[in-house]
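Residue strings, one per chain:
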Amino acid sequence: DAGITQSPRYKITETGRQVTLMCHQTWSHSYMFWYRQDLGHGLRLIYYSAAADITDKGEVPDGYVVSRSKTENFPLTLESATRSQTSVYFCASRPSGPYNEQFFGPGTRLTVL
Amino acid sequence: AQSVSQHNHHVILSEAASLELGCNYSYGGTVNLFWYVQYPGQHLQLLLKYFSGDPLVKGIKGFEAEFIKSKFSFNLRKPSVQWSDTAEYFCAVQYGNKLVFGAGTILRVKS
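The text that follows walks through the structure, step by step, so that each part is easy to find. (Residues numbered from 1 in each chain as written. Chains lettered and ligands numbered in written order. Predicted model: local features only at pLDDT ≥ 70, side-chain atom pairs only at ≥ 80, totals over all residues. Heavy atoms only, no water.)

Considering the overall build of chain A
Rules: Secondary structure elements follow DSSP: runs of H or I of four or more residues count as helices, runs of E of two or more count as strands, with numbering from the N terminus. Put simply, the radius of gyration uses C-alpha atoms, and a globule should come to 2.2 Å times the residue count raised to 0.38. Partly exposed describes any residue whose relative accessible area lies between the buried limit of under 20% and the exposed limit of over 50%, with all areas from a 1.4 Å probe on protein chains only and scaled to the type maximum. For this analysis, residues touch if any pair of their heavy atoms sits within 4.5 Å. Each accessible area is a Shrake-Rupley estimate made with a 1.4 Å probe; only the visible protein chains count as cover when residues are assessed. Working convention for charge: Lys and Arg count positive, Asp and Glu count negative, and His plus the chain ends are omitted. The atoms used to mark charge sites are NZ of Lys, CZ of Arg, CG of Asp and CD of Glu.
From N to C terminus, chain A includes 0 helices and 11 strands. In chain A, the order of α-helices and β-strands from amino to carboxyl end is β-β-β-β-β-β-β-β-β-β-β. Taken over the C-alpha trace, chain A has a radius of gyration of 13 Å; the compact-globule value for 113 residues is 13 Å, and the two agree within 12%. Across its three principal axes, chain A shows a C-alpha extent of roughly 40 × 30 × 25 Å. In chain A, buried positions account for 48% of the 113 residues. Intrachain contacts of chain A at a sequence separation of at least 6 include 55% that bridge at least 24 residues. As presented, chain A carries roughly 5400 Å² of accessible surface, and 48% of it is formed by carbon and sulfur atoms. Each charge class in chain A can be summarised by its mean position, and for the 11 positive and 10 negative side chains these summaries are 6 Å apart.

Some words on the sheet that holds strand β7 (residues 64-66) of chain A
Residue and element names in this part refer to chain A. Rules: We treat two strands as partners when DSSP finds at least two bridges between them. Under this scheme, a helix contributes an axis fitted over its contacting stretch, all axes are lines through C-alpha atoms, and angles between N-to-C directions fall in the 0 to 180 degree range.
Strand order in this open sheet of 4 strands is β1-β3-β8-β7, and the pairing throughout is antiparallel. Here the strands that pair on one side only, and so sit at the sheet edges, are β1 (4-7) and β7. Direction aside, the axes of adjacent strands within the sheet are offset by 20° on average. Here β7 pairs with strand β8 (residues 76-78) via 3 bridges, running antiparallel. Bridging from a neighbouring strand, Val-66 pairs with Leu-76 of β8.

Description of the interface of chain A and chain B
For the record, the criterion: Whenever a carboxyl oxygen of Asp or Glu lies within 4 Å of a side-chain nitrogen of Lys or Arg, that contact is scored as a salt bridge. Polar contact criterion, stated in full: a pair of N or O atoms within 3.5 Å, where within protein one must be able to donate a hydrogen and the other to accept it, and residues adjacent in sequence count only if both atoms are side-chain atoms.
Counting residues at the interface gives 22 residues for chain A and 20 residues for chain B. Seen at the junction of chain A and chain B, the total is 1 salt bridge. The salt bridge partner of Glu101(A) is Lys49(B), with a shortest N-O separation of 2.8 Å. Linking chain A to chain B there are 5 residue pairs in polar contact (both at pLDDT 80 or more).

Focus: the side chain of Asn32(B)
Note that Asn32(B) resides in strand β5 (residues 32-38). On the basis of relative accessible area, Asn32(B) is assigned to the buried category, the value being 8%. Once residues within four sequence positions are removed from consideration, Asn32(B) is found in contact with Pro98(A), Tyr99(A), Tyr50(B), Phe51(B), Ala92(B), Val93(B) and Gln94(B).

What to know about the nonpolar core
Heads up, the condition is: In these notes, a set of buried Ala, Val, Leu, Ile, Met, Phe, Trp, Tyr and Cys residues joined through side-chain atoms within 4.5 Å is what counts as a nonpolar core.
Of all hydrophobic cores here, the largest spans 30 residues; its most connected members are Trp35(B), Leu48(B), Phe74(B), Leu76(B) and Tyr89(B). With 5 residues, the top contributor of residues to this core is strand β10 (residues 87-95) of chain B. One finds Cys23(A), Trp34(A), Val60(A) and Ala81(A) within the second-largest nonpolar core, a separate group that totals 19 residues.

What about the state of the cysteines?
Residues and elements named next belong to chain A. As a reminder, the rule being used: Sulfur atoms of two cysteines make up a disulfide when they are within 2.5 Å.
On inspection of all chains with the given rule, the structure shows 2 disulfides over all chains. Disulfide pairing places Cys-23 opposite Cys-91 at an S-S distance of 1.8 Å. Negative torsions about the S-S bond denote left-handed disulfides, and the value of about -75° found for Cys-23 with Cys-91 makes this one left-handed. Here Cys-23, found in strand β3 (residues 19-25), pairs with Cys-91, found in strand β9 (residues 87-94); they are 68 residues apart in sequence, far enough to count as distant.

Considering the pairing of β5(B)
All names here are of chain B. Most of β5 sits inside the fold, with 7 of its 7 residues counted as buried. Burial along β5 is two-sided: Asn-32, Phe-34, Tyr-36 and Gln-38 facing one way and Leu-33, Trp-35 and Val-37 facing the other are all buried. In the sheet, β5 pairs with β10 via 7 bridges, with the strands oriented antiparallel. Note that in β10 the partner of Asn-32 across the bridge is Gln-94. In this sheet, strand β6 (residues 45-50) lies alongside β5 in antiparallel orientation, the contact comprising 5 bridges. Residue pairing across strands places Val-37 opposite Gln-45, the latter belonging to β6. Counting the residues between successive antiparallel strands, the hairpin from β5 to β6 contains 6 residues, one of them, Gly-41, with a positive phi of roughly 75°.

In structure tokens, the structure reads:
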């Protein structure tokens, strides 16, 4: 049972380039989430999805785009990367229903030069 | 806006010392509460959770937390820490579909 995986695990890119971070879960969880982790801020929600083709903004959505054509995948795209988007990105998923916790992927460390 | 506050950003303890990490949240309605732990270089793992019922919740590795509704608090405790508890601890509160995290507390346990 692979659970939730993210790729790549590490990425270095340059300002202005487009970058896509992948997230895949094998549990068929309805909900999927993208967070960024920055020192002193904890984890902040970028976007989330309640089901395939249903997405919504979180706390810090600017500069990011998401899609969810299949339940198991939830890619995050930085359309034109900026240095302020250097961060560790975590994907998470959880089943539907109010009494379930989120399960986190291993994270992607992104550096924008 | 909903917010979660963790009182200490860095805590240093000696092995066998007792631990209490504070967590307060801003919303007065029904919430689900969590503590997650992130060991160095690893992803977040669930320590414990509270949805309803007994306000004293027991989690993994000897951790427990107490929900005090009147104080909007969900403090994490452990009677005797070990060197292996060195990690970053995050309090999180679920508001609807969204999970809001505190800024985290970095715990270092000296052996």
